[in-house]
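Fold and geometry: a report
Chain residues, written in single-letter form:
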Amino acid sequence: GLGFKGVHRGLDLLALMQACGVAPNLRTYNAFILICAAAGAQGSTVALDYGVRVVERMNEVGITPGLKAATRLLAALVSLDSPGNEPIANMERALSFLTLMRDAGIELDARPFEVLMQACAGDDDKCAMEQASMVWELMRECSIEPESSTFVAFMHACARSSGTAGSKGVDKAKQVLE
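Note that the structure is predicted; figures quoted are calculated from it, not measured.

A few points about the overall build of the chain
What the chain contains, in helices and strands, is nine helices and zero strands. Taken from N to C terminus, the helices and strands of the chain fall in the order α-α-α-α-α-α-α-α-α. Across the 178 residues in the chain, those meeting the buried criterion constitute 43%. Only carbon and sulfur atoms are counted for the fraction: they give 52% of the accessible area of the chain, which is about 9400 Å².

If you want it as structure tokens, here you go:
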């Protein structure tokens, strides 16, 4: 992909639109969010910041971001792998963005929650089970019905955690899923 060059090109296009008196629409914003997510997946924290700011701007002007674009940005936020970024900090930032997604009026489904649980399963941390349980509870609070892949992601996070916590992870998965 273009990485951060794509973000620069997108910013240039947004500036040109503004200079011509043309307001960005949903498609323009979503395209820019996807560019930021792709650059973020390559490690650009600046691109991720731009993506988050665009979602905030859309919320301010009353445009609801697309679920697909926002979920890709969420995935890039939670999986950021650069020096100084701890998995817990990434999860906190991703959860904050999930709140922004809800506040921006995005009609959530199971996919953003699954993305977060997959990130928990990828952690080699004993916190994986606790984080996955927190995400599961948040999904329930939002009245989102899990899909089969959501269950798999949750159970995988608990199983990964049970490697360090004994049978506690399996017991927690049973408890939450009952």
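Text resumes after the structure shown.
As for helix α2 (residues 26-41)
Working note: α-helix, 3.6 residues per turn, so residues spaced by three or four point in the same direction. With 16 residues, α2 should reach 22 Å at 1.5 Å per residue; the first-to-last C-alpha distance of 22 Å fits that figure. Residues Thr28, Tyr29, Asn30, Phe32, Ile33, Cys36, Ala37, Ala39 and Gly40 constitute the buried set of α2. On its buried face, α2 is in contact with α1 (4-19), α3 (45-61) and α4 (67-79). The opening residue of α2 is asparagine 25, an N-cap whose side-chain oxygen sits 3.2 Å from the backbone nitrogen of arginine 27. Looking at the residues trailing α2, positive phi occurs at glycine 43, about 105°.

What to know about the nonpolar core
Nonpolar side chains tend toward joint burial in soluble globular proteins. Counting 52 residues, the largest nonpolar core has Leu73, Met91, Phe97, Met101, Phe113, Leu116 and Met117 as the members making the most contacts within it. Residue contacts for methionine 101: discarding those within four places in its chain leaves Leu67, Ala70, Thr71, Leu74, Ile106, Leu108 and Pro112.

Describing the side chain of threonine 150
Within the element layout of this structure, threonine 150 appears in helix α8 (residues 148-165). What makes threonine 150 buried here is its relative accessible area of 0%. Not counting chain neighbours up to four residues away, the residues in contact with threonine 150 comprise Ala110, Glu114, Met117, Trp136 and Met139.

Calculation criteria
Residues numbered from 1 in each chain as written. Predicted model: local features only at pLDDT ≥ 70, side-chain atom pairs only at ≥ 80, totals over all residues. Heavy atoms only, no water. Helix = DSSP H or I, 4+ residues; strand = E, 2+ residues; numbered from the N terminus. Buried < 20%, exposed > 50% of the residue type's maximum accessible area, 1.4 Å probe, protein only. Areas by Shrake-Rupley, 256 points an atom, 1.4 Å probe, with all protein chains shown as cover. Expected span 1.5 Å × (residues − 1). Contact = heavy atoms within 4.5 Å. Polar contact = N/O pair within 3.5 Å; in protein donor to acceptor, adjacent residues only side chain to side chain. Core = buried A, V, L, I, M, F, W, Y, C linked by side-chain atoms within 4.5 Å.

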